[in-house]
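Summary of the model geometry
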Amino acid sequence: MLRVLLSGLRDRWASFLGGFVALALGVGLLVTTGLGLSAASHAPERSPQRFAGSPVVVRGQDRLTLDVRRGPVTVPVEQRLDRPQPVDGGLLRELRARWTVTASGGPDAVGVDGPAAEVRALVGDRARVLTGGDRAQADADPERDARALVGLSALLGTSGGVTAFVSVFVVASTFAFAVALRRREFGLLRSAGATPGQIRRLLLAEAAALGVLASAAGCGLGALGAPLLARTLVDGGLAPAWFTIGGPSSSSSPSWPFHAAFWTGVAVALAGAVAASRRAGRVGPTAALREADVDADVLPLGRAVLGTGLLVAGLGLLVWTCATEPSELLKRKAYTTLPMLLTSGVALLSPLLVRPAARLARSRGAVGTLVRENSAAAVRRTAAVAAPVLVTVALAGTLFGSAASVTRAKETEARERTAAEYVVSGEDLKPVAAPPGAVLSPTGATSVFVRDGDAALVKYGARAVADPAAFAELARLPVTAGDLRDLDDRSIVVNEEFERRRVGETVEVWRADGSGPVRLRVVAVLALGTGDNGPYVTRANAPGATLDRIDARGGGAATVRALEASGGTPRARVAGGNRQARLGMVLVLGIALVYTVIGLANTLLMATSVRGCELASLRLAGATRAQILRVVTGEAALAVALGTLLGLLVTGGVLGTLGAGLAALSAPVALVLPWPVAGAAAGVCAVVAVAASGASAWRLTR
């Protein structure tokens, strides 16, 4: 059996090449993303900037701590404040009486030149004492890098998941199709005395050899590509400027990404071969001798059950999420992962659709008839070509379509939320007086903290209203109950997420600086929308909030000049989407497209290479070489068209569910089908499929 294995690998190396490249690339990407995740989770410690010369920093409290119930006991929970509280004046006097105190950049923190233990004993629980690397928490926006790394980790995790998903798909399809092409070989082996178990072990041994070799090569590729990935992420604004990943010779590179990727590659190769080996083991000694040209049993019971299960699970999760937590559909994690189940189910069941779809293709002439009938007869070949196209088009449609739809819904909602002619936004805008005949509504970002029952403390991003009357005149918020005109210093506008959300009820809140609690009366309730609707309070309940937006109407040129004096630029429309998020989606789609190209080229080269007798028969029947090339490339193009159609159906189902979720949130339903992206993905697939099939047919018909 070992001799048969080695001989088969040597003689059929071309049929294994596509799987080898796909698996090596997948392992390389897993190594790269693993190294990136490790680098993101072990970021270098930032050195303090603001108080670099002070051994100890005393900082005002920057967390709100309340007791909540956890079963029969109460435990303290913390929520970070928008900005730390000032250091108490009495505490400052005590510190200055004993040590040298350095003030820098605001009253929230001071540097102290004294022993940390003695400073901590003096301060007690009146403020926070920071030493060592923790002093960087007193710098401006100390959480900036942490937020960037969280987004980067999410992107790398998504990329790794897509890599594993598509690599399993491509490798499994390659093995399944290769087994279908080798039925005669297996029949001869059975005639020579091979048992079904030996046939299965032969295929699994081939898969193991392929997995080990490809995984080893992939580990080398991943180590070389990791520094390149880091530079790409930094240049694209997806990672902080200091972000790096150790190269292949770096002693600081962790080993777990290599181990995880290597064994994942071997497992993927074996998993892709398991189903194919079971099917190969069922080939009888005479099956190859009486094999017809028309595929039979193209959808085994196991594949049908698995495909139906994945399809039902994908649809069920989408419907369940839409019915219970529609806001989850607006998050990138949901519309990246949920469609994978749906895509897998449709791809596994695609052989059922090949014959009906191929019969619908109408074209005059002998070439068109051959394309249609060959595609309908060779179901396995057509489905093997359509499946990777389906995955790519579905990912392109669901990723870019969902992101564009959510962005457009947010933009539409933002425009509908105001009756202003102009909007000025920016950091720390200057207050300006309203010109005659104009209405100006300044607002700023703030937070409120609310108990959710007895078991949770929830932080809500809120808006601070400077002029309640102007706000009520210009705002067009989705009010479900109450009246915005009743907002004052003793009241609050809430949304449907609040536990207490009936007009007239009293809500106990803590302000952005941790002061409170204060009891505010609910005067209006807003629909959730895309996530930016409320709550709203007045400036009296938003200490420290700065203006970052001014809505204006009326006043003509005088209003424009006044808005320009605020430090911002007047604009009539809301700005576009997030460039970094789009770059991340391009990265994910690029991974899928590379795999699709490999899978298509490998499948079509294998499929066409065994059609020598068929093409020779066509030549004997009078077909010209050009006609044969048109037949072969037409079959490839038809398979790509079928995969594109199925991918668009998956996209339509996901976007339809997203639209239902937006409607349930009372948000504008503005669905976008990304025709340029989906068309470009399908176009690349078509070019590769036609080129691969045409090149192989040209060689066979020389």
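Residues numbered from 1 in each chain as written. Predicted model: local features only at pLDDT ≥ 70, side-chain atom pairs only at ≥ 80, totals over all residues. Heavy atoms only, no water.

1. Digging into the overall build of the protein
A count of helical and extended segments in the protein gives 19 helices and 15 strands. A buried classification covers 48% of the 702 residues belonging to the protein. When contacts within the protein are restricted to residue pairs at least 6 apart in sequence, long-range pairs at least 24 apart make up 79% of them. Taken as a whole, the protein presents about 31600 Å² of accessible surface, with 59% of it coming from carbon and sulfur. (Helix = DSSP H or I, 4+ residues; strand = E, 2+ residues; numbered from the N terminus. Buried < 20%, exposed > 50% of the residue type's maximum accessible area, 1.4 Å probe, protein only. Contact = heavy atoms within 4.5 Å. Areas by Shrake-Rupley, 256 points an atom, 1.4 Å probe, with all protein chains shown as cover.)

2. Quick word on the packing of helix 12 (residues 365-377) against helix 18 (residues 625-664)
Following both chains from N to C, one finds helix 12 and helix 18 inclined at 45°, their axes separated by 9 Å at the closest point. As the angle between them shows, helix 12 and helix 18 are arranged oblique. Crossing of helix 12 against helix 18: the hand is right-handed. Here Val367, Leu370, Val371, Asn374 and Ser375 of helix 12 lie close against helix 18, whose contacting residues are Gln627, Arg630, Val631, Gly634, Glu635 and Leu638. Residue composition of the contact of helix 12 with helix 18, by class: five nonpolar, four polar and two charged. (Axes fitted to C-alpha atoms, helices over the stretch in contact; angles between N-to-C directions. Parallel < 35°, antiparallel > 145°, perpendicular 65-115°, else oblique. Left-handed = near helix turned anticlockwise from the far one by under 90°. Nonpolar A, V, L, I, M, F, W, Y, C, P; charged D, E, K, R; others polar.)

3. Observations regarding unusual backbone geometry
Peptide bonds are trans in most cases, and residues, glycine excluded, mostly fall at negative phi. Here Gly516 and Pro517 are connected by a cis peptide whose omega angle stands at 5°. Relative to the helices and strands, Pro517 resides in the loop between strand 12 (506-510) and strand 13 (518-526). With a phi close to 55°, Asp428 is a non-glycine residue in the positive phi region.

4. Thoughts on the nonpolar core
Grouped together as the largest cluster of nonpolar side chains are 72 residues, with contacts concentrated most on Leu152, Val166, Leu233, Phe243 and Ile245. Among the elements that make up this core, the one with the highest residue count is helix 13 (residues 379-416) (14 residues). Sequence-distant contacts of Leu152, that is, excluding residues within four places in its chain, are made with Ala40, Leu233, Leu238, Ala239 and Phe243. With 17 residues, the next largest nonpolar core counts Tyr460, Val507, Leu520 and Val537 among its residues. (Core = buried A, V, L, I, M, F, W, Y, C linked by side-chain atoms within 4.5 Å.)

5. Remarks on the environment of Arg490
Mapped onto the fold, Arg490 is located in the loop between strand 10 (479-482) and strand 11 (491-495). Assessed through its relative accessible area of 62%, Arg490 is described here as exposed. Between the C-alpha atoms of Arg490 and Arg519, which are 29 residues apart in sequence, the distance is 7.6 Å. Among residues more than four places away in sequence, those in contact with Arg490 are Arg519, Leu520 and Arg521.

6. Some details on the sheet that holds strand 5 (residues 109-113)
Reading across from one edge, 4-5-1-6 is the order of the four strands in this open sheet, with antiparallel pairing throughout. A single partner strand is all that each edge strand has here, and the edge strands are strand 4 (100-103) and strand 6 (128-131). Direction aside, neighbouring strands of the sheet carry axes that sit 30° apart on average. Of the strands in this sheet, strand 1 (56-59), strand 4 and strand 5 are in contact with helix 3 (residues 89-98), which crosses strand 5 at around 20°. Packing against the sheet, helix 4 (residues 116-123) makes contact with strand 1, strand 5 and strand 6, and its axis sits at approximately 170° to strand 6. (Pairing = 2+ DSSP bridges.)

7. Focus: helix 19 (residues 675-700)
In a regular helix each residue adds 1.5 Å, so 26 residues correspond to 38 Å; helix 19 covers 37 Å between its end C-alpha atoms and thus fits that length. Buried within helix 19 are the following residues: Val677, Ala678, Ala681, Ala682, Cys685, Val688, Ala689, Ala692, Ser693, Gly694, Ser696 and Ala697. (Expected span 1.5 Å × (residues − 1).)

8. With respect to the pairing of strand 11
Among the five residues that make up strand 11, five are buried, leaving the element largely enclosed by the rest of the structure. Summarising the sheet, strand 11 and strand 13 pair through five bridges and their orientation is parallel. From the neighbouring strand, Val493 faces strand 13, where its bridge partner is Ala524.

9. Considerations on the packing of aromatic side chains
Per the counting criterion, the structure on display carries three aromatic pairs. Ring centres of Tyr460 and Phe498 lie 4.3 Å apart, and the angle between their planes is 20°; this geometry places the pair in the stacked category. Of this pair, Tyr460 sits in strand 9 (residues 456-465) while Phe498 sits in the loop between strand 11 and strand 12, and the two are 38 residues apart along the sequence. Phe498 matches Tyr460 in its accessibility class, with the two residues each being buried. Ring centres of Phe471 and Tyr536 lie 5.0 Å apart, and the angle between their planes is 35°; this geometry places the pair in the tilted category. Of the two residues, Phe471 is situated in helix 14 (residues 468-474) and Tyr536 in strand 14 (residues 536-538); the sequence distance between them amounts to 65 residues. (Phe/Tyr/Trp six-rings, centres within 6.5 Å; stacked < 30°, edge-to-face > 60°.)

10. Notes on the environment of Ala334
With respect to the helices and strands, Ala334 occurs in helix 10 (residues 332-348). The exposure class assigned to Ala334 is buried, which follows from its relative accessible area of 12%. Setting aside residues up to four positions removed in sequence, Ala334 forms contacts with Glu328, Leu329 and Pro339.

11. Focus on the pattern of salt bridges
Tallying each qualifying case throughout the model produces 17 salt bridges. As a salt-bridge pair, Asp62 and Arg80 come within 3.4 Å of each other at their nearest N and O atoms. Of the two residues, Asp62 is situated in the loop between strand 1 and strand 2 (63-70) and Arg80 in strand 3 (residues 73-80); the sequence distance between them amounts to 18 residues. By relative accessible area, Arg80 is classed as partly exposed at 30%. The structure contains a network of salt bridges with shared partners spanning Arg59, Asp62, Arg63, Glu78, Arg80 and Arg128. (Salt bridge = Lys/Arg side-chain N within 4 Å of Asp/Glu carboxyl O.)

12. Notes on the packing of helix 17 (residues 612-620) against helix 18
Where helix 17 meets helix 18, the axes come as close as 10 Å, and the angle between the chain directions of the two elements is 135°. As summarised for this structure, helix 17 and helix 18 are arranged oblique, according to the angle between their axes. By crossing handedness, the relation of helix 17 to helix 18 is classed as right-handed. In this structure, helix 17 uses Leu615, Leu618 and Arg619 to contact helix 18, whose residues at the interface are Arg625, Ile628 and Val632.

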